[in-house]
Amino acid sequence: MEEKELRLDKFLADMGKGTRSRLKEDIRKGRISVNGEVVKNADKKIRIPKDEVLFDGKPVSYVAMEYFMLNKPQGVLSATEDRRRRTVLDLIDQKKRKDLFPVGRLDADTEGLLLITNDGALSHKLLAPKSHVDKVYFARCAGKVPESAAASFAEGLLLPDGFQCLPAVLEILSVTENGETENKKTKSRETEYKKEENGKTGNEKAEGVKTETEVLLTIREGKFHQVKRMMEAVGCPVLFLKRLSMGPLTLDESLKPGEYRPLTKQELELLKQV
(Lines give C-alpha, C1' and ligand atoms only; values in the text may rest on other atoms or scores of the structure.)
Protein backbone atom coordinates (compact mmCIF):
# COMPACT_ATOMS: atom_id res chain seq x y z
CA MET A 1 0.00 0.00 0.00
CA GLU A 2 1.29 3.48 -0.90
CA GLU A 3 1.96 5.53 2.22
CA LYS A 4 -0.57 8.24 3.00
CA GLU A 5 -1.49 10.44 5.96
CA LEU A 6 -4.89 11.02 7.54
CA ARG A 7 -6.11 12.90 10.57
CA LEU A 8 -6.76 10.52 13.45
CA ASP A 9 -10.48 11.33 13.65
CA LYS A 10 -10.95 10.79 9.90
CA PHE A 11 -8.93 7.57 10.03
CA LEU A 12 -11.28 6.19 12.70
CA ALA A 13 -14.42 7.55 11.04
CA ASP A 14 -13.52 5.96 7.71
CA MET A 15 -13.23 2.63 9.51
CA GLY A 16 -16.74 2.98 10.90
CA LYS A 17 -15.77 3.70 14.51
CA GLY A 18 -18.23 6.57 14.87
CA THR A 19 -18.97 10.12 13.77
CA ARG A 20 -16.17 12.68 13.69
CA SER A 21 -17.73 14.63 16.59
CA ARG A 22 -18.17 11.51 18.73
CA LEU A 23 -14.65 10.33 17.94
CA LYS A 24 -13.13 13.65 18.95
CA GLU A 25 -14.68 13.10 22.38
CA ASP A 26 -13.34 9.53 22.51
CA ILE A 27 -9.88 10.81 21.62
CA ARG A 28 -10.01 13.48 24.33
CA LYS A 29 -10.89 10.74 26.84
CA GLY A 30 -7.66 8.90 25.97
CA ARG A 31 -9.28 5.85 24.38
CA ILE A 32 -6.92 5.94 21.38
CA SER A 33 -3.23 5.09 21.25
CA VAL A 34 -0.81 5.40 18.34
CA ASN A 35 2.36 3.33 18.35
CA GLY A 36 1.88 2.59 22.04
CA GLU A 37 1.26 6.17 23.19
CA VAL A 38 -2.11 7.66 24.14
CA VAL A 39 -3.08 10.47 21.75
CA LYS A 40 -5.59 13.16 22.71
CA ASN A 41 -5.39 15.34 19.61
CA ALA A 42 -7.90 14.54 16.87
CA ASP A 43 -5.74 16.22 14.24
CA LYS A 44 -2.81 13.87 14.88
CA LYS A 45 -1.54 12.66 11.49
CA ILE A 46 -1.62 8.89 11.06
CA ARG A 47 0.89 7.44 8.60
CA ILE A 48 -0.76 4.59 6.72
CA PRO A 49 0.26 1.76 6.86
CA LYS A 50 3.20 2.45 9.21
CA ASP A 51 1.43 3.59 12.38
CA GLU A 52 -0.33 1.17 14.75
CA VAL A 53 -3.65 2.54 16.02
CA LEU A 54 -5.53 1.00 18.96
CA PHE A 55 -9.09 1.86 20.02
CA ASP A 56 -9.73 0.68 23.59
CA GLY A 57 -6.72 -1.60 23.17
CA LYS A 58 -8.02 -3.19 19.95
CA PRO A 59 -6.12 -2.65 16.67
CA VAL A 60 -7.78 -0.65 13.92
CA SER A 61 -6.36 -1.46 10.49
CA TYR A 62 -7.02 0.88 7.58
CA VAL A 63 -8.62 -0.40 4.38
CA ALA A 64 -8.92 2.04 1.50
CA MET A 65 -11.23 -0.03 -0.72
CA GLU A 66 -13.54 -2.99 -0.10
CA TYR A 67 -15.24 -5.25 -2.62
CA PHE A 68 -17.92 -7.82 -1.75
CA MET A 69 -19.98 -10.20 -3.87
CA LEU A 70 -23.48 -10.53 -2.42
CA ASN A 71 -26.21 -12.97 -3.37
CA LYS A 72 -29.05 -10.54 -2.74
CA PRO A 73 -32.17 -12.16 -1.29
CA GLN A 74 -35.74 -11.12 -1.92
CA GLY A 75 -37.22 -8.49 0.36
CA VAL A 76 -33.97 -6.54 0.85
CA LEU A 77 -33.49 -3.08 -0.65
CA SER A 78 -30.57 -2.15 -2.91
CA ALA A 79 -29.87 0.99 -0.90
CA THR A 80 -27.35 2.30 1.61
CA GLU A 81 -29.94 2.97 4.31
CA ASP A 82 -33.67 2.81 4.97
CA ARG A 83 -35.61 3.58 8.14
CA ARG A 84 -38.14 0.78 7.76
CA ARG A 85 -36.64 -2.05 5.75
CA ARG A 86 -33.35 -3.97 5.61
CA THR A 87 -30.84 -2.91 3.00
CA VAL A 88 -28.06 -4.85 1.32
CA LEU A 89 -25.50 -3.03 3.49
CA ASP A 90 -27.21 -4.40 6.60
CA LEU A 91 -26.19 -7.87 5.37
CA ILE A 92 -22.45 -7.03 5.15
CA ASP A 93 -21.47 -7.45 8.79
CA GLN A 94 -17.74 -7.87 8.06
CA LYS A 95 -17.34 -4.46 6.42
CA LYS A 96 -14.73 -2.04 7.70
CA ARG A 97 -15.62 0.98 5.58
CA LYS A 98 -18.62 3.18 6.35
CA ASP A 99 -18.97 4.40 2.76
CA LEU A 100 -19.94 1.19 0.94
CA PHE A 101 -22.74 1.17 -1.62
CA PRO A 102 -24.31 -1.28 -4.10
CA VAL A 103 -23.20 -1.00 -7.71
CA GLY A 104 -26.50 -0.53 -9.48
CA ARG A 105 -29.68 -1.91 -8.02
CA LEU A 106 -31.91 -4.96 -8.03
CA ASP A 107 -35.62 -4.70 -7.28
CA ALA A 108 -36.71 -5.73 -3.79
CA ASP A 109 -38.24 -8.96 -5.14
CA THR A 110 -35.21 -9.79 -7.33
CA GLU A 111 -32.37 -12.06 -6.20
CA GLY A 112 -28.80 -12.57 -7.31
CA LEU A 113 -25.46 -10.95 -7.93
CA LEU A 114 -24.80 -7.54 -6.45
CA LEU A 115 -21.39 -5.91 -6.08
CA ILE A 116 -20.89 -3.92 -2.87
CA THR A 117 -17.93 -1.51 -2.75
CA ASN A 118 -16.78 2.04 -2.08
CA ASP A 119 -14.89 2.26 -5.37
CA GLY A 120 -16.73 5.03 -7.18
CA ALA A 121 -14.53 4.91 -10.28
CA LEU A 122 -15.15 1.20 -10.79
CA SER A 123 -18.88 1.64 -10.21
CA HIS A 124 -19.05 4.40 -12.81
CA LYS A 125 -17.16 2.26 -15.31
CA LEU A 126 -19.49 -0.71 -14.83
CA LEU A 127 -22.68 1.34 -15.00
CA ALA A 128 -21.79 3.87 -17.69
CA PRO A 129 -23.96 3.32 -20.81
CA LYS A 130 -20.93 3.57 -23.10
CA SER A 131 -19.29 0.62 -21.31
CA HIS A 132 -22.03 -1.77 -22.50
CA VAL A 133 -21.38 -4.23 -19.66
CA ASP A 134 -23.43 -7.41 -20.13
CA LYS A 135 -25.80 -8.41 -17.33
CA VAL A 136 -27.29 -11.92 -17.42
CA TYR A 137 -30.58 -12.79 -15.72
CA PHE A 138 -32.49 -16.01 -15.16
CA ALA A 139 -36.26 -15.46 -15.25
CA ARG A 140 -39.33 -17.61 -14.83
CA CYS A 141 -42.25 -16.03 -16.63
CA ALA A 142 -45.97 -16.62 -16.98
CA GLY A 143 -47.11 -17.84 -20.38
CA LYS A 144 -45.20 -19.04 -23.42
CA VAL A 145 -42.63 -16.71 -24.93
CA PRO A 146 -43.37 -16.16 -28.65
CA GLU A 147 -40.90 -17.70 -31.06
CA SER A 148 -40.35 -14.24 -32.57
CA ALA A 149 -39.27 -12.72 -29.24
CA ALA A 150 -35.58 -13.63 -29.55
CA ALA A 151 -35.32 -11.81 -32.88
CA SER A 152 -37.16 -8.79 -31.50
CA PHE A 153 -34.81 -8.64 -28.52
CA ALA A 154 -31.76 -8.97 -30.78
CA GLU A 155 -32.93 -6.04 -32.91
CA GLY A 156 -33.66 -3.86 -29.87
CA LEU A 157 -37.12 -4.13 -28.37
CA LEU A 158 -39.38 -1.07 -28.46
CA LEU A 159 -41.37 -0.97 -25.22
CA PRO A 160 -45.01 0.22 -25.12
CA ASP A 161 -43.95 3.40 -23.27
CA GLY A 162 -41.70 4.33 -26.20
CA PHE A 163 -38.36 3.31 -24.67
CA GLN A 164 -36.00 1.77 -27.23
CA CYS A 165 -33.92 -1.01 -25.67
CA LEU A 166 -30.43 -1.83 -26.81
CA PRO A 167 -30.03 -5.20 -28.56
CA ALA A 168 -30.33 -8.08 -26.06
CA VAL A 169 -30.00 -11.86 -26.13
CA LEU A 170 -32.98 -14.01 -25.15
CA GLU A 171 -32.52 -17.76 -24.65
CA ILE A 172 -35.50 -19.99 -23.86
CA LEU A 173 -34.46 -22.71 -21.42
CA SER A 174 -37.75 -24.55 -20.96
CA VAL A 175 -41.50 -24.31 -21.34
CA THR A 176 -43.89 -25.94 -18.86
CA GLU A 177 -47.49 -26.51 -19.92
CA ASN A 178 -49.96 -28.29 -17.63
CA GLY A 179 -47.15 -29.83 -15.62
CA GLU A 180 -45.20 -31.07 -18.65
CA THR A 181 -41.79 -29.48 -19.24
CA GLU A 182 -40.12 -29.19 -22.61
CA ASN A 183 -36.41 -28.42 -22.26
CA LYS A 184 -35.03 -26.08 -24.89
CA LYS A 185 -31.49 -26.36 -23.51
CA THR A 186 -29.65 -29.24 -21.92
CA LYS A 187 -30.98 -30.40 -18.57
CA SER A 188 -27.65 -29.72 -16.86
CA ARG A 189 -27.66 -26.10 -17.95
CA GLU A 190 -31.27 -25.58 -16.94
CA THR A 191 -30.60 -27.10 -13.53
CA GLU A 192 -27.52 -24.92 -13.04
CA TYR A 193 -29.54 -21.72 -13.28
CA LYS A 194 -32.68 -22.75 -11.43
CA LYS A 195 -31.47 -24.98 -8.59
CA GLU A 196 -31.88 -22.22 -5.96
CA GLU A 197 -35.18 -21.04 -7.43
CA ASN A 198 -37.22 -24.15 -6.64
CA GLY A 199 -39.50 -23.92 -3.66
CA LYS A 200 -39.78 -20.14 -3.64
CA THR A 201 -42.90 -18.65 -2.17
CA GLY A 202 -44.31 -15.14 -2.23
CA ASN A 203 -44.93 -12.68 -5.04
CA GLU A 204 -42.86 -14.71 -7.52
CA LYS A 205 -45.66 -17.30 -7.59
CA ALA A 206 -48.82 -16.63 -9.61
CA GLU A 207 -51.90 -18.60 -8.64
CA GLY A 208 -53.50 -20.43 -11.54
CA VAL A 209 -50.58 -20.06 -13.95
CA LYS A 210 -50.56 -23.19 -16.13
CA THR A 211 -47.89 -22.23 -18.65
CA GLU A 212 -44.47 -20.94 -17.66
CA THR A 213 -41.29 -20.21 -19.59
CA GLU A 214 -37.78 -20.12 -18.15
CA VAL A 215 -35.32 -17.86 -19.95
CA LEU A 216 -31.86 -16.36 -19.84
CA LEU A 217 -31.77 -12.70 -20.78
CA THR A 218 -28.58 -10.74 -21.46
CA ILE A 219 -28.90 -6.96 -21.51
CA ARG A 220 -26.35 -4.13 -21.75
CA GLU A 221 -28.24 -1.49 -19.82
CA GLY A 222 -30.15 -1.38 -16.56
CA LYS A 223 -33.14 0.93 -16.77
CA PHE A 224 -35.93 0.90 -14.18
CA HIS A 225 -37.61 -2.55 -14.07
CA GLN A 226 -36.13 -3.20 -17.51
CA VAL A 227 -36.17 -7.01 -17.55
CA LYS A 228 -39.72 -7.06 -16.21
CA ARG A 229 -40.83 -4.46 -18.74
CA MET A 230 -39.23 -6.35 -21.62
CA MET A 231 -40.86 -9.66 -20.72
CA GLU A 232 -44.20 -7.94 -20.09
CA ALA A 233 -43.95 -6.44 -23.58
CA VAL A 234 -43.93 -9.93 -25.14
CA GLY A 235 -46.84 -11.07 -22.98
CA CYS A 236 -44.91 -13.01 -20.34
CA PRO A 237 -44.79 -11.21 -16.97
CA VAL A 238 -41.89 -12.18 -14.71
CA LEU A 239 -42.68 -14.47 -11.77
CA PHE A 240 -39.11 -14.89 -10.51
CA LEU A 241 -35.94 -13.01 -11.41
CA LYS A 242 -32.30 -13.58 -10.51
CA ARG A 243 -29.16 -11.86 -11.77
CA LEU A 244 -26.39 -14.32 -12.56
CA SER A 245 -23.55 -12.14 -13.80
CA MET A 246 -22.35 -8.60 -14.46
CA GLY A 247 -19.56 -8.32 -16.99
CA PRO A 248 -16.82 -10.82 -16.02
CA LEU A 249 -18.20 -11.21 -12.48
CA THR A 250 -20.35 -14.34 -12.03
CA LEU A 251 -22.36 -15.18 -8.94
CA ASP A 252 -20.61 -17.73 -6.75
CA GLU A 253 -22.96 -20.75 -6.69
CA SER A 254 -21.91 -21.57 -3.13
CA LEU A 255 -23.44 -18.32 -1.82
CA LYS A 256 -26.98 -18.77 -0.53
CA PRO A 257 -29.38 -15.79 -0.69
CA GLY A 258 -28.16 -13.28 1.87
CA GLU A 259 -24.58 -14.59 1.93
CA TYR A 260 -21.53 -12.72 0.66
CA ARG A 261 -17.76 -12.90 0.36
CA PRO A 262 -14.89 -10.57 -0.61
CA LEU A 263 -13.95 -10.57 -4.27
CA THR A 264 -10.90 -12.59 -5.19
CA LYS A 265 -7.85 -10.82 -6.58
CA GLN A 266 -8.54 -12.36 -9.99
CA GLU A 267 -12.19 -11.22 -10.00
CA LEU A 268 -11.15 -7.68 -9.13
CA GLU A 269 -8.50 -7.59 -11.84
CA LEU A 270 -11.05 -8.76 -14.43
CA LEU A 271 -13.53 -6.07 -13.35
CA LYS A 272 -10.93 -3.35 -13.64
CA GLN A 273 -10.23 -4.42 -17.22
CA VAL A 274 -13.81 -3.66 -18.27
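What counts as what
- Residues numbered from 1 in each chain as written.
- Predicted model: local features only at pLDDT ≥ 70, side-chain atom pairs only at ≥ 80, totals over all residues.
- Heavy atoms only, no water.
- Pairing = 2+ DSSP bridges.
- Helix = DSSP H or I, 4+ residues; strand = E, 2+ residues; numbered from the N terminus.
- Phe/Tyr/Trp six-rings, centres within 6.5 Å; stacked < 30°, edge-to-face > 60°.
- Buried < 20%, exposed > 50% of the residue type's maximum accessible area, 1.4 Å probe, protein only.
- Arc of directions from axis to C-beta.
- Contact = heavy atoms within 4.5 Å.

The strand order across the open sheet built from four strands is β3-β2-β5-β6, with neighbouring strands paired in antiparallel fashion. Whereas interior strands pair on both sides, the edge strands pair on one side only; in this sheet they are β3 (37–38) and β6 (58–59).

What follows deals with the packing of aromatic side chains. Following the criterion strictly, the structure yields three aromatic pairs and no others. Measuring from ring centre to ring centre gives 5.6 Å for Phe68 and Tyr260, while their planes differ by 85°; the resulting arrangement is edge-to-face. Here the residue Phe68 occupies a position in strand β7 (residues 67–72), and Tyr260 occupies one in strand β16 (residues 260–262), the gap between them amounting to 192 residues. For Tyr260, a relative accessible area of 15% translates into the label buried.

A few words now on helix α7 (residues 265–272). Those residues of α7 that sit buried are Glu267, Leu268 and Leu271. Down the axis of α7, the buried set is contained in an arc of 95°. They therefore lie on one face. For α7, the exposed residues lying more than 90 degrees away from the buried face are Lys265 and Gln266. On its buried face, α7 sits against β7, β9 (111–117), α3 (120–127), β14 (238–246), β15 (249–250) and β16.

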